[in-house]
Every structure is written in structure tokens, then in C-alpha cells.
Amino acid sequence: MSFTRSDCYSVSSSSPTRAEATSNELESKLWFKTPPLENSFLERVSCIRLQTTARDQGYVSFPDEGSWSWFDIAILASPESTTPLVRGGLTCLWRSHCNVIGYGKDTTTVGEVFDKEDDLFKVLQPGDVLAVMVCARFPGWENNASSASLEFRLEKKGHELPVFDAAQFEEKRRMNELKKNIELLLTGYLDDRTDKGEKPAYSLVREMMLPGEAIRGDLARQRNGAPLRLLSIDGGGVRGISSLVILENIMLKLTNDPETKPCDYFDMICGTSTGGLIALMLGRLRMSVPQCIEAYKRFASDIFRMNGMFAKGIEEGSTGYAYGADTFESAVKAIVKQYGDGKETMIPQSPDQHCKVFVVAGEASNLSKTPEHLRTYKSAKFANVDKFVDIPIWQAARATSAAPTFLPSITINGTELIDGGLLYNNPIALLLGEAYHEFGVERLMSTRCLLTLGTGHGPNLHAPPRPELGVLPSLQYHRDLAETLASIATDCEHTHQKARKVFPEDDTYWRFNYGTQNGGDWKKVLELDEWQGMEAFASGTRDYISSPEQTPRAHGCASKLGVVV
């Protein structure tokens with residue numbers, strides 16, 4: 001669309017400006033703005049667009065993964081305002097365009113054309129002010145803006161302005177409520193993992209949501225794809241067999257075909273610790289549940305068959321860990337070789353594989369308080385800060401499973417990682433945050449099925465205090481820590497109760513977790529490495545998921561995944 005002098009009114013910048021990001025936080029500067037827009041003027045406006053002459057920093061490590069140097073158009077309440085107006089639950093902010101990536105020279109770029117069908121027009125009212133914002137985000141990114149003009153295409157004959165109707169933004173209000181609830185869930189999730197006086201646990205997934213902001217106008221209109229189906233799998237060592245037994249029951253109710261692949265039904269799967277390993281098998285390696293169960297039993301036997309205290313003592317005495325990394329890595333590589341697509345890294349060979357998978361690990365430097373998402377896909381939102389793009393599958397499995405005292409940490413691309421299950425054993429909150437960024441809030445709001453699988457209720461135990469210096473206190477601490485790791489299921493249920501409030505509908509959110517009650521508590525479950533008890537634990541889980549109480553729920557969950565046979 002072209003704008004000629006006769007049908008165009010423009011407001012131009014008077015001087016250059018610059019936004020430089022020095023952290024993960026958004027750097028946004030108000031560049032220039034219009035005078036208050038009068039009713040008689042707005043009646044003649046049919047289109048609005050921004051044209052800029054600008055450049056980014058001139059170099060980009062991954063030029064095919066998107067730009068973080070861009071321009072926004074904002075509605076302000078008055079000429080004195082400096083922040084975007086929030087109206088009808090919508091932050092009045094729309095992205096116009098990004099700078100040409102890594103060119104290093106001023107380039108003139110024309111942004112998106114906003115017409116009467118856009119929310120910008122539906123929200124804009126007489127007396128409002130339009131402003132141009134210069135934006136950059138993440139260390140190293142710059143927006144060097146030389147000049148610009150905000151252009152209005154005018155019609156000879158005016159049209160009646162739409163009266164702002166808050167009711168038409170009811171969906172936006174609901175979207176904003178969902179975003180707020182996910183923010184609160186993630187904030188509480190992180191705060192629960194921070195001791196008093198310590199630096200707060202940090203998640204980039206949460207920070208990227210721009211906590212406290214209402215839904216942006218441009219984000220609100222992103223709707224692509226069918227309603228979401230999401231799967232979250234807790235960690236729990238050999239108890240992960242319970243999650244697989246439950247999922248097997250649900251998938252059989254869905255298709256009556258044991259070889260049905262969950263990856264064909266779920267849009268995103270996440271897991272922590274051995275739940276992460278299961279997520280990789282189901283989603284990245286596209287295995288059926290029976291295949292996973294067979295491989296999981298063989299894997300557990302290979303890793304933990306030296307379960308005698310004498311044998312464990314020898315290994316722990318020589319390395320400081322109960323089990324060696326080499327055996328674990330070999331077992332994972334064997335599974336990848338048997339079921340993989342010939343590509344041994346996280347991103348699949350076929351671009352058509354729609355099921356996205358991520359597993360959770362934690363940075364060892366702060367005892368896992370910074371969760372890292374190891375993904376099977378390139379995320380447009382996190383591409384420029386993702387340190388673990390397309391790493392080998394076995395490395396992701398090792399990182400998410402490196403439980404202290406059991407397996408040593410692993411260093412990937414300069415970052416030492418340990419088991420994410422130490423603090424994030426139920427990753428449901430991280431899944432919702434990731435889905436928010438990857439699919440958009442509008443599609444997340446239409447989630448059809450959110451399934452979260454536990455690995456067994458356990459007794460209520462608490463993390464031991466840190467030891468004093470000395471060999472004996474340290475040995476006792478590691479014994480206590482091992483017991484606590486075996487009982488993290490308590491925290492998983494606490495997280496579940498919080499996540500349940502985000503999707504309170506009975507037919508959307510489904511949590512299954514096997515356990516045997518013992519008075520007001522739960523009976524002790526398997527140790528993380530007690531592989532000899534897996535079959536009995538699986539048998540108990542089958543009784544649980546086939547019980548009169550759980551059978552209707554399993555049917556209900558299956559019906560949300562597809563047509564129940």
C-alpha cells in the first residue's frame with residue numbers, strides 16, 4: 001500500500017535516539033509522539049504505518065533466529081504520559097517492525113500497516129496520543145534510530161468512529177487473567193524455592209512474560225492452531241514406571257491400540273529427572289508407551305543393578321556418587337540408537353514433527369535455583385539466549401537426571417547442570433510458562449487437555465539443614481539429602497494444588513498420582529534406585545488407575561485427547 005502526499009498526514013522524529021540492552025530486561029525508550037488526536041481527524045484515518053531509518057548493533061551470532069531490535073506503536077492517555085495506556089484489559093502496544101538483522105548500516109524500513117480491522121483502531125479514541133517506542137532486549141542488542149515518520153492515510157470522506165465497547169474485549173480480559181494466574185503460579189513456584197535472605201530463584205520463562213503487564217495488543221491477536229494438549233511428567237527415579245502405566249491406561253482408552261504414540265496427540269511434553277527421560281522417549285524418539293515401559297525397565301536394571309550397599313559404597317567412595325556417569329550415558333545412547341531417527345541431537349530430522357519437548361535441568365552454581373529448559377525445538381522467543389540449542393539427546397537426559405549423591409553433574413557449553421528435580425520435580429508451572437511463550441496466550445486459553453503425571457505419593461519429609469564442617473556431619477547430610485530426594489513427591493502435590501487454580505475446569509486439568517494412604521500421611525514409596533521393586537509398584541499403579549474412582553477420570557482425560565473408543 002502506498003501513501004501519497006495528498007492523502008497522507010505524518011508526524012516525524014526531531015532527533016535520533018538509541019536503546020541498548022545490557023541485560024535480559026526490555027530496554028524501551030519513547031522516541032516521539034503525536035498531539036492529541038481529534039475526532040474529526042480520526043474519522044478520516046483509514047490506515048496507520050511507521051517508517052524508520054535505523055540499524056541494530058551490526059553483528060548477530062544467529063541471524064536466522066530473529067531480531068531483538070524493534071519498534072512499537074503505543075497509545076498514550078495524554079501528551080504527558082510516558083507509558084502505554086491499558087484499556088479493556090489490553091496494553092495498547094503493537095509491534096510495527098524489526099530492524100534488518102546484523103546489517104550495521106542505516107536502513108529505511110516500512111512497518112506493518114494497521115487498518116480498521118486491527119484492535120489498534122478499535123481501542124483508539126479521540127484525545128488519545130500515539131507514540132513510537134524504540135526497543136531492544138538481551139545483552140548486546142541495540143536499536144540505533146536515526147529518523148522516522150508515523151504516517152496516517154486519510155480518506156476524503158470521513159467515517160463514523162466505533163464507540164469503545166469494553167464487552168468486545170472480554171476475551172482479552174480473560175486472556176489477561178490467565179497470564180496473571182500463570183505469573184502468580186511461577187512467582188510462588190520460585191519463591192517456595194528461595195530461603196529467607198537468599199537471592200530469589202530465577203526463571204527466564206517468567207521474566208519474559210513481563211510480569212505485571214497486561215496483554216499486549218499484538219500478542220492478543222495471535223491465534224494459530226487447534227486447542228492445546230499438554231503433558232507434564234514428574235521426576236522420581238525408578239518410580240517413573242508409575243507415570244508410564246497411567247499413561248498407557250489413558251492411551252488405550254483413547255484408541256485401543258497399544259502402539260499409539262502419545263507424540264501424535266500432545267502438542268508439548270515436559271519432564272524433570274527421569275520424567276525428562278520419559279518425555280524424550282515419548283516425544284523426541286516418538287516411542288509408544290509399551291516401548292517406553294520395556295526400555296525404561298531395561299534402563300533401570302542397567303543403571304541400578306549395583307544396588308547392594310557394598311557395591312554402592314565402593315562407587316561412592318571413589319567418585320562421591322552412588323552411580324557412574326558412563327553406565328547411564330551408554331544406556332541412554334543405546335535407546336537413542338534403537339528408536340531414534342538417525343539424528344542424535346535434540347532437534348528432530350523431520351520439520352513436520354509437531355510435538356515439542358523440553359526437559360528441566362538446574363544450574364549447579366546455585367543448587368538448581370535457575371531452571372534451564374533443554375528443548376527439542378528452536379524457540380523464537382528464547383533463540384538468542386538459549387545456550388543449549390540442539391545438544392545431543394544423551395546430554396539432555398544426563399543433565400535432567402543428575403541427582404546429587406546419585407549421578408555427577410554435567411557441563412554443557414560452559415554451564416554445569418544438575419537434576420532439575422531437586423527443586424522443580426513437578427514442572428507443571430514451567431510447562432505453562434513455556435507454552436505461553438511458544439503458542440501464545442490466546443491458544444493457551446483454549447487448552448483442551450492438561451495432563452500431569454506423578455510418580456507416587458510419599459511421606460511428608462523436609463530438606464535437611466546444611467552440615468557443619470567435618471567428614472561425619474557431611475556423610476550424615478548426604479544420607480539425609482538422599483532421603484529427601486526420595487520424598488520430593490510431597491512438593492509435587494503442593495505444586496499441583498497451585499497449578500490446579502490456573503485451570504479450575506474439571507474437564508481440562510487432570511492429575512494422576514498413585515499412593516497408599518497411612519492414616520493422615522502416605523506410606524513410604526520406592527527409593528529412587530530400588531529397581532527390584534518396580535514391578536510391584538507398577539502393579540499397584542494398575543490397580544489405582546483401574547479403580548472405580550479413577551476409571552471415569554481416565555476416560556474423561558482420554559476424551560479430551562480425542563475420540564474415546
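This is a predicted model, so every value here is computed, not measured.

Caption draft 1: Quick peek at the overall build of the chain. In terms of helices and strands, the chain carries 18 helices and 23 strands. Out of the 565 residues in the chain, the part that is buried amounts to 55%. In the chain, once contacts between residues fewer than 6 apart in sequence are set aside, the share between residues at least 24 apart is 81%. Roughly 23900 Å² of accessible area belongs to the chain as shown, and the carbon and sulfur atoms make up 51% of that amount.

Caption draft 2: A look at the packing of helix H6 (residues 240-255) against helix H17 (residues 534-545). Taken N-terminus to C-terminus, the directions of H6 and H17 make an angle of 35°; their axes are 9 Å apart at the nearest point. Remark: the crossing between H6 and H17 carries right-handed chirality. For the pair H6 and H17, contact is made by Ile 241, Ser 242, Val 245, Ile 246 and Asn 249 and by Met 534, Phe 537, Ala 538, Thr 541, Arg 542, Tyr 544 and Ile 545, respectively. Residue composition of the contact of H6 with H17, grouped by class: eight nonpolar, three polar and one charged.

Caption draft 3: The arrangement of the packing of helix H7 (residues 274-284) against helix H8 (residues 289-304) in detail. In contact at an axis separation of 10 Å, H7 and H8 are set at 135° when each is read in the N-to-C sense. One way to sum up the angle between H7 and H8 is to call them oblique. Relative to H8, H7 is oriented so that their crossing is right-handed. Where H7 abuts H8, its residues Thr 274, Leu 277, Ile 278, Met 281 and Leu 282 lie against Val 289, Cys 292, Ala 295, Tyr 296 and Phe 299. Split by residue class, the contact of H7 with H8 holds nine nonpolar, one polar and no charged.

Caption draft 4: Main features of the nonpolar core. Among the nonpolar cores identified, the biggest contains 83 residues, and Ile 48, Leu 130, Leu 150, Leu 230 and Leu 444 are the most heavily contacted of them. Composition of this core by domain shows at least three residues from each of domain 1 (8-154) and domain 2 (180-197 + 230-311 + 318-461 + 475-562). The residues touching Leu 230, leaving out its near neighbours within four places in the chain, are Phe 266, Met 268, Leu 431, Ala 435, Phe 439, Leu 444, Thr 447, Cys 449, Leu 450 and Leu 451. Membership of the second largest hydrophobic core comes to 74 residues, among which are Ile 241, Met 287, Val 336 and Ile 410.

Caption draft 5: Examining helix H10 (residues 325-339) more closely. In this model H10 runs 21 Å from its N-terminal to its C-terminal C-alpha over 15 residues, within 8% of the 21 Å that 1.5 Å per residue would give. Every buried residue of H10 is listed here: Ala 325, Phe 328, Glu 329, Ala 331, Val 332, Ile 335, Val 336 and Tyr 339. Across the axial projection of H10, the buried residues extend over an arc of 160°, all falling on one side. Exposed side of H10, more than 90 degrees from the buried face: Asp 326 and Lys 337 are the residues found there. The inward-facing, buried residues of H10 contact H7, H8 and helix H11 (393-401).

Conventions used here
Residues numbered from 1 in each chain as written. Predicted model: local features only at pLDDT ≥ 70, side-chain atom pairs only at ≥ 80, totals over all residues. Heavy atoms only, no water. Helix = DSSP H or I, 4+ residues; strand = E, 2+ residues; numbered from the N terminus. Buried < 20%, exposed > 50% of the residue type's maximum accessible area, 1.4 Å probe, protein only. Contact = heavy atoms within 4.5 Å. Areas by Shrake-Rupley, 256 points an atom, 1.4 Å probe, with all protein chains shown as cover. Axes fitted to C-alpha atoms, helices over the stretch in contact; angles between N-to-C directions. Left-handed = near helix turned anticlockwise from the far one by under 90°. Nonpolar A, V, L, I, M, F, W, Y, C, P; charged D, E, K, R; others polar. Parallel < 35°, antiparallel > 145°, perpendicular 65-115°, else oblique. Core = buried A, V, L, I, M, F, W, Y, C linked by side-chain atoms within 4.5 Å. Domains from an automatic or database assignment. Expected span 1.5 Å × (residues − 1). Arc of directions from axis to C-beta.

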